[in-house]
Amino acid sequence: MSRHENAPKRVTAPELRARKGGEPIVCLTAYDTPTARILDAHCDLILVGDSLGMVLHGLDSTVGVTLEMMILHGRAVMRGASRALVAVDLPFGSYEASPEQAFESASRVMKETGCQAVKLESGSYAAETIAFLVARGVPVIGHVGVRPQAVHALGGTKARGRNTAEREAVLADARAADEAGAFAIVIEAVAEDLAREVTAAVSCPTIGIGASAACDGQVLVTHDMLGLFDWTPRFVRRYADLSTAIDEAVKAYSEDVRARRFPGEAETYRLKPDGAG
Ligand code: KIV
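The following refers to the structure shown.

### A few points about the sheet that holds strand β2 (residues 45-48)
Move 1: One closed barrel accounts for eight strands, arranged β1-β2-β3-β4-β5-β6-β7-β8; its pairing is parallel. Each neighbouring strand pair of the sheet contributes to a mean axis angle of 25°, computed without reference to strand direction.
Move 2: Pairing between strand β1 (residues 25-29) and strand β8 (residues 217-220): four bridges, direction parallel. Note that in β8 the partner of isoleucine 25 across the bridge is glycine 217.
Move 3: The strands touched by helix α5 (residues 99-113) within the sheet are β3 (85-89) and β4 (117-119), with β4 carrying the most contacts at an inclination of about 135°.

Below is the structure:
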């Protein structure tokens, strides 16, 4: 019997592509093994997003995230996910210079983590790169609308599509990624009518974050939807208040330690000497 015979069948990129217009694709971010284990039962797609630079490492933007960081967290997520498709973000500076640079980065990420796909922020300049990767066996997810790696060029991360030029740019970026062979496209922070137009214009599924219900699927940053931060963007729904839960737990622990209530009898070893039966 093969070692993997009883393992659940993993979601594939062609299966997700075939979900266009059908059952919505469920995606969340994960950066570590225990979170990936929980998400794996519920998500079709787990994204090791470069948002980890801000969420885990306290950076101001995703610009400082390195390929090594993505590989480290990608490997951790792969240890916890056996069913969902795992996609890892290519970080800023690891793919923009040329299709060849992108292939080197993507193949490193896939070999060293075992993930099934990569995501890259895709202005229309990226079409050549996406086609190059796809032709060489790398499943690619595009990312249009607000592109956080371009924060300095875009002048921030406020919602896109406020004027005709912006709308046309987002639409062109999405069409280019689709025609180049992306199997899905993340649309970040655009108005509903633009998300609907993009979703109708492309043949692959769109996965929205702050892009309305008009998309073929949804993604959120897990730490946001679990309520781990004081502030979250308007498009986030908080499904839990873990920051309060953690605060209360840590407070209770600190009080117990100070009052010598922890550890108690239940948490204390009483070892019988060797040979005492
Ligand atoms: O980096 C990330 O987590 C992302 C999602 C917000 C889509 O790209």
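This is not the end of the story, as more comes after the structure.
### A few points about the site of the ligand
Move 1: The immediate surroundings of the ligand are formed by Thr29, Leu47, Gly49, Asp50, Ser51, Asp89, Lys119, His143, Val186 and Ile209.
Move 2: Contacts to the ligand include aspartate 50, whose side-chain N or O atom sits 3.0 Å from an oxygen atom.
Move 3: In this structure, lysine 119 approaches the ligand through a side-chain N or O atom, which is 2.9 Å from an oxygen atom.
Move 4: Protein contacts shield 95% of the accessible area of the ligand, which totals 260 Å² for the unbound molecule.
Move 5: Of the pockets mapped on this structure, the ligand occupies the largest pocket.
Move 6: When the residues that make up the shell around the ligand are grouped by side-chain class, the tally is three nonpolar, four polar and three charged.

### Topic: the layout of surface pockets
Where empty space is left can be seen by rolling a probe of water-molecule size over the atoms.
Move 1: Taken as a whole, the largest pocket spans an internal volume of roughly 850 Å³.
Move 2: Looking at the largest pocket, it is lined by 34 residues, and the ones nearest its centre are Met54, Glu188, Asp224, Pro233 and Phe235.
Move 3: Mapped onto the lining of the largest pocket, the elements with two or more residues apiece are α3 (52-55) and β6 (184-188).
Move 4: A breakdown of the residues in the lining of the largest pocket according to their chemical character gives 18 nonpolar, nine polar and seven charged.
Move 5: By volume, the second largest pocket is sized at about 580 Å³.
Move 6: Forming the boundary of the second largest pocket are 20 residues, of which Gly208, Gln218, Val219, Leu220 and Phe235 lie nearest the centre.
Move 7: Elements supplying a minimum of two residues to the lining of the second largest pocket: β1 and β8.
Move 8: Considered class by class, the residues forming the lining of the second largest pocket number 13 nonpolar, five polar and two charged.

### Here we look at unusual backbone geometry
Move 1: Along the chain, phenylalanine 262 connects to proline 263 via a cis peptide bond; the corresponding omega equals -5°.
Move 2: A positive phi angle is found at serine 212, which is not glycine, with a value near 75°.
Move 3: You can see serine 212 is positioned in the loop between β7 (206-209) and β8.
Move 4: Residue classification places serine 212 among the partly exposed positions, given a relative accessible area of 23%.
Move 5: For arginine 260, which is not a glycine, the phi torsion comes out positive at approximately 60°.
Move 6: Since its relative accessible area comes to 75%, arginine 260 is described here as exposed.

What counts and what doesn't
Residues numbered from 1 in each chain as written. Predicted model: local features only at pLDDT ≥ 70, side-chain atom pairs only at ≥ 80, totals over all residues. Heavy atoms only, no water. Pairing = 2+ DSSP bridges. Helix = DSSP H or I, 4+ residues; strand = E, 2+ residues; numbered from the N terminus. Axes fitted to C-alpha atoms, helices over the stretch in contact; angles between N-to-C directions. Contact = heavy atoms within 4.5 Å. Near = heavy atom within 4 Å. Polar contact = N/O pair within 3.5 Å; in protein donor to acceptor, adjacent residues only side chain to side chain. Areas by Shrake-Rupley, 256 points an atom, 1.4 Å probe, with all protein chains shown as cover. 1 Å grid on protein atoms, 1.4 Å probe; cavity = no way out; pocket = protein on both sides within 12 Å on 5 of 7 lines; lining within 4 Å. Sits in = over half its atoms within 2 Å of the grid points. Nonpolar A, V, L, I, M, F, W, Y, C, P; charged D, E, K, R; others polar. Points joined across faces, edges and corners; volume = space filled by probe spheres on them. Buried < 20%, exposed > 50% of the residue type's maximum accessible area, 1.4 Å probe, protein only.

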